[in-house]
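The primary structure of each chain is shown beneath.
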Amino acid sequence: MTDNRDSSSIFRKKISRRSTLKGLGATAAGLVAGPIVAGPGFVRYAQAQSSAPIKIGFQAHRTGIGAAYGRWYEKTTNAAIKAINDAGGITGRPVEIIVEDDGTDPGRGAEVVGKFATQHKVDVAYGTLFSHVVIGSAPVAGEFKLPYFVVSEGHHVASTKLNRYVFQPGITDVKSQIQAMAPWIAANAGKKVCQIFPDFAFGYDHRDYLPPALKAQGADVVAQIAIPPTESSFTKYFPQIPSDTDVIYHVMVGPAVLTFVKELGEFYGSNRPQLFGFIDSLEAVDINSPGLEFLDGSHFWEGAPRYAQADDSDAMKAYRAAVGIDDNGASVDDPKDVSTAAHMFGCWETLYVIKKAMEDAGYKGPEDRAKLVEATEALTEFAEGPEHPQGKKTFNGKIHQCFGIQNISKVEDGKLKVVHKTSIEDGLYEPEGDYTTQAL
Amino acid sequence: MKNDDGAGKAITLHAGVIAVLVALNFVLPDYHHGVMARVLVLAVYAMGYNLLFGYAGLLSLGHAMFFAAGLYGAGLTMYHLNWGVPSAFIAGLVAGVLLSLVIGVLALRTKGVAFMIVTMMFAQVAYLLVYYFGTWTRGDEGLVIQQQARAIEFGATRLDLTDPTTRYMAALLLFSVVLVITLIVVRSSFGRVLVAIRENEERTKMLGYDTFANKLAAMVASGAICAAAGAAYVILFGYVGSTLASVQYSILPLLWVLLGGAATTLGPLVGTVLMYYLIDGSSDLLKAYLPGWNVSYLGIVGVALILLVLFFPKGLLGTVRDRFARWLP
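Because the structure is predicted, anything quoted here is derived from the model rather than measured.

Considerations on the overall build of chain B
Within chain B, the regular secondary structure consists of 14 helices and 4 strands. Expected size for 329 residues packed as a compact globule is a radius of gyration near 20 Å; at 20 Å, chain B falls within 12% of this value. Taken over the C-alpha atoms alone, chain B extends approximately 55 × 50 × 45 Å along its principal axes. Per-residue burial for chain B yields a buried fraction of 52% across its 329 residues. Sequence separation of at least 24 residues holds for 76% of the intrachain contacts in chain B that already meet a minimum separation of 6.

Okay, here's the thing in structure tokens:
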């Protein structure tokens, strides 16, 4: 990676931006005899680093297609920050969250990360979910050398196609999740699997990673049906499902999922193959919504369980209480406000990873960002407990990705009941690169 | 319009704007410096749109396909073929020229609302093609062009386009070239024919002009400029993804141009700058005064645009031209 400070820019041989800004700043300071020279973005001042808050820029999907996720990511973030601050903050300093809405848009997302780096001057950026926003924003984080902790579950970080400043330490990536599902599917649901997935990047991960994972378990993908993103009716695709299919593996995401399930129900009636899906499509959607009855008895992947389970740990109970979700995974204030429980735990856990890495690095301010990156890369595992309520995790510093257990839940009596927990080893794969070889 | 009177003023004004933008490189704080680099590239996109919409009077709702042609023409060649910046930029430009030529030949058989619909549908086809070729484009997720690839080397000198100053100046160079080209075009006889077509195509035909050929030339020039902006976007900011080819990015240049003033050479810049800060400021205002309402910043933008259409239907510079400066090109 190129170091900006050493690049031979032909435009700043004699009059550099920095010298001009310094000159103007000094003149203005002389004129007003004080440190305040202008409005937002024009103010430069030195922080008292010993007591000033640690600033975390939260790139939130407050609006746009990710808004339902974004709202719960924000609630979880606020709960975690409260817990961290109540316990003394990070390195003895309070933590302040600065929220910017990215509209779930990669163009705006990149602008927001730039704003964090140059206007808000945050210590780290954090919290992005949607893959295209992460990928669109990552170059900016790399250019400003701003550590960027995402909670996206996409494989993009672990693919090592981004840069050394992007981390995903709080949620397992989708490649690992898919791989971890294969042993259970082959052993319990059936050997002949038909995949139905959306014809965009999220679907491609399932298209590409499930067949080899099933093959290793002695099962096969007998058909792959890609559904265009603009589709609103699905009946015409169902005749493509082979008649000897044991399991339909579905990962339809977006508002059309209700129609998808309803039409699948009408197509099969009571005599259907096994169904296995990723809960992503039904996050923030009540599993008892009209039309979803057809899912009764089917199975789902869940990162963290939506419904309280009989064997929940004390840490999980405390986390759910802190975030404010009831036993059904809905808001304690509004039972109809269903959470995105399968993913949002990643925010809580990521913030504790940031805390741990900052403390390991002896982080004092933005000048220590490189040390923070190295300290994060040096982490290897996170024990289950109040900081990691979803479960134990390992972390691979070379690919900046964590790996944890996954849950397989069955829809029973209008609830999701965990019937199997995978091991971390089920989801491990060979690293595809090594970020640590990139310059800081 | 007395053109001879206006020529000197117009040249002075445009040179002055470029000089101010050069000066801003040295005085803008980091955040606004970064914003302006992005705005200058998007303003080029708006200028390309303005050439067709403002001057030739052809309202396209599908210009994201030309922006995307440049974006993917440059981005895919850099990502998959490891092409250098200059050749990738040319690839993007050529993709935009070819696409606008083909689309122009087909879409210019229609007029008015039909033209809007046809361009929108072609853009939708282009958008879905990004998904169809997802193996190479990674669809909605898109691709990142690594920092080390975004540089130009002249012998021993390496021009790192991710350096904030270099990036700003590269964006300004593109902007200035396109601004000058636009100024020359709109003051040329070709530009006057386009305005004549906009005002009354039948009469222009009766005067002996081949209106189809002129409109096609405008379409290709517009497509080429938009593609140049797309290619510059991926080279300078390192990301290519299908969102940038979506219908939203067909509407945005229309809004920028309407805000700044259609058929004014500087309107696209004014509109893009104002819209950026409107969106940026809206987020802060909403956060400060309507916390928890979850109102999109686009809502504020929508209200602003309604007010604009009601009170400044010709955009800001269009109104300035009507009231104060008839010479404004």
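Let's talk about the overall build of chain A
Regarding its fold elements, chain A presents 10 helices and 15 strands. Across the 440 residues in chain A, those meeting the buried criterion constitute 50%.

Things to note about the interface of chain A and chain B
Across the contact, 49 residues belong to chain A and 40 residues belong to chain B. Elements with a minimum of two residues in the side of chain A that touches chain B: α1 (17–32), β2 (95–101), α3 (106–120), α4 (131–144) and α6 (201–215) of chain A. Class assignment for the residues of the side of chain A that touches chain B results in 19 nonpolar, 19 polar and 11 charged.

Overview of the confidence of the model for chain B
In low-pLDDT segments, the atomic positions of the prediction should not be examined closely. Taken as a whole, chain B shows an average pLDDT of 92; of its residues, 97% reach a score of 70 or greater. Both scores are available for the predicted complex, with the pTM at 0.86 and the ipTM at 0.83.

Comments concerning the sheet that holds strand β8 (residues 247–250) of chain A
Residues and elements named next belong to chain A. Strands sit in the order β7-β6-β8-β9-β10-β14-β15 across an open sheet of 7 strands; the sheet is mixed. The strands lining the two open edges of the sheet, one partner per strand, are β7 (220–227) and β15 (415–421). Looking at each pair of strands side by side, their axes are set apart by 25° on average, direction ignored. Direction of pairing for strand β9 (residues 274–278) relative to strand β10 (residues 299–302): parallel, over a ladder of 3 bridges. Paired with Gly277 across the bridge in β10 is Phe300. Here α6 sits on the sheet and contacts β6 (192–198), β7 and β8; the angle it forms with β6, its principal contact strand, is near 165°.

Points about the pairing of strand β13 (residues 401–404) of chain A
Residues and elements named next belong to chain A. Side chains Gln401 and Phe403 of β13 all project onto a buried face; the interleaved residues Cys402 and Gly404 project onto the opposite face, where all are buried too. Looking at chain direction, strand β12 (residues 393–396) and β13 are connected through 4 bridges and run antiparallel. Following the sheet pairing, Phe395 is matched in β13 by Cys402. Connecting the antiparallel pair β12 and β13 is a turn made up of 4 residues, with His400 showing a positive phi of about 60°.

Some remarks on helix α3 (residues 64–81) of chain B
Counted at 1.5 Å a residue, the expected span for α3 of chain B with its 18 residues is 26 Å, and the 24 Å between its end C-alpha atoms agrees. Most of α3 of chain B sits inside the fold, with 16 of its 18 residues counted as buried.

With respect to the sheet that holds strand β3 (residues 124–126) of chain A
Residue and element names in this part refer to chain A. Taken in spatial order, the 5 strands of this open sheet run β2-β1-β3-β4-β5, and their pairing is parallel. Either end of the sheet is taken by a strand with one partner, and the two such strands are β2 and β5 (166–167). Both strand β1 (residues 54–60) and β2 contribute to a ladder of 7 bridges, which runs parallel. From the neighbouring strand, Ile54 faces β2, where its bridge partner is Val95.

Re unusual backbone geometry
All names here are of chain A. A positive phi is found at Lys145, a non-glycine position, where the angle reads about 55°. Turning to its location among the elements, Lys145 is positioned in the loop between α4 and β4 (148–149). For Lys145, a count of 18 C-beta atoms within 10 Å corresponds to the partly exposed category. Its identity is not glycine, yet Thr160 carries a phi of approximately 60°, on the positive side. Residue position: Thr160 is located in the loop between β4 and β5.

Observations concerning the packing of helix α5 (residues 174–189) of chain A against α6 of chain A
Residue and element names in this part refer to chain A. For the pair α5 and α6, the least separation of the axes is 9 Å and the interaxial angle reads 40°. As summarised for this structure, α5 and α6 are arranged oblique, according to the angle between their axes. For α5 against α6, the interelement crossing comes out right-handed. Here Val174, Lys175, Ile178, Gln179, Ala182, Ile185 and Ala186 of α5 lie close against α6, whose contacting residues are Asp205, His206, Tyr209, Leu210, Ala213 and Leu214. Of the residues contributing to the contact of α5 with α6, the split by class is 9 nonpolar, 2 polar and 2 charged.

Remarks on the pairing of strand β14 (residues 407–412) of chain A
Residues and elements named next belong to chain A. Here β10 runs beside β14; their pairing, made up of 4 bridges, is antiparallel. When the bridges of β14 are listed, Glu302 appears paired with Asn407. One ladder, built from 6 bridges, connects β14 with β15; its direction is antiparallel. Looking across to β15, one finds that Ser409 is bridged to Val418. As consecutive antiparallel partners, β14 and β15 are separated by 2 residues, and within that stretch Asp413 has a phi angle of approximately 55°, a positive value.

Comments concerning helix α2 (residues 30–55) of chain B
Working note: α-helix, 3.6 residues per turn, so residues spaced by three or four point in the same direction. All names here are of chain B. Here α2 is 26 residues long and its end C-alpha atoms lie 36 Å apart, about the 38 Å a rise of 1.5 Å per residue gives. The sharpest bend along α2 reaches about 35° and sits at Tyr49. Burial runs high along α2: 24 of the 26 residues are buried. A positive phi of about 75° marks Gly57, the residue just after α2.

Points about the packing of α3 of chain B against helix α5 (residues 112–132) of chain B
Residues and elements named next belong to chain B. Interaxial distance between α3 and α5 falls to 8 Å at its minimum, and their mutual angle equals 30°. The angle between α3 and α5 falls in the class roughly parallel. Only Phe122, Ala123 and Ala126 of α5 make contact with α3, whose side of the interface consists of Ala64, Met65 and Ala68. Among the residues forming the contact of α3 with α5, the class breakdown is 6 nonpolar, no polar and no charged.

What to know about the environment of Leu214 of chain A
All names here are of chain A. Mapped onto the secondary structure, Leu214 falls in helix α6. Using a count of 25 C-beta atoms within 10 Å as the deciding quantity, one classes Leu214 as buried. Separated by 36 residues in sequence, Leu214 and Ile178 have C-alpha atoms that sit 9.5 Å apart. The contact partners of Leu214, leaving out residues within four places of it in the chain, are Ala182, Ile185, Ala186, Val193, Ala219, Asp220 and Val221.

Examining the confidence of the model for chain A
Residues and elements named next belong to chain A. Across chain A, the average pLDDT comes to 88, with 88% of residues at or above 70. Throughout residues 1–13 the model reports pLDDT below 50, and contacts reaching past four residues in sequence, or to other chains, amount to 30 contacts. Note on residues 30–48: pLDDT is under 50 here. Beyond four places in sequence and across chains, it has 17 contacts.

What to know about the environment of Ile84 of chain A
All names here are of chain A. Structurally, Ile84 is set in helix α2 (residues 67–86). When the C-alpha atoms of Ile84 and Glu387 are compared, they prove to be 9.6 Å apart, with 303 residues separating the residues in sequence. Once residues lying within four places of it in the same chain are set aside, the contact partners of Ile84 are Gly89, Ile90, Val95, Leu351 and Lys355.

A short note on the environment of Glu302 of chain A
Residue and element names in this part refer to chain A. By the element assignment, Glu302 lies in strand β10. In this structure Glu302 comes out as buried when scored by C-beta crowding, with 23 C-beta atoms within 10 Å. Those residues in contact with Glu302 that lie beyond four places of it in its chain are Ile279, Ala342, Asn407, Ser409 and Leu416.

Rules behind the numbers
Residues numbered from 1 in each chain as written. Chains lettered and ligands numbered in written order. Predicted model: local features only at pLDDT ≥ 70, side-chain atom pairs only at ≥ 80, totals over all residues. Helix = DSSP H or I, 4+ residues; strand = E, 2+ residues; numbered from the N terminus. Rg over C-alpha atoms; globule rule 2.2 N^0.38 Å. Buried ≥ 20, exposed ≤ 12 C-beta atoms within 10 Å, placed from the backbone. Contact = placed C-beta atoms within 7 Å. Nonpolar A, V, L, I, M, F, W, Y, C, P; charged D, E, K, R; others polar. pLDDT = per-residue confidence, 0-100. Pairing = 2+ DSSP bridges. Axes fitted to C-alpha atoms, helices over the stretch in contact; angles between N-to-C directions. Expected span 1.5 Å × (residues − 1). Parallel < 35°, antiparallel > 145°, perpendicular 65-115°, else oblique. Left-handed = near helix turned anticlockwise from the far one by under 90°. Bend = angle between axes of the 7 residues up to and from the residue.

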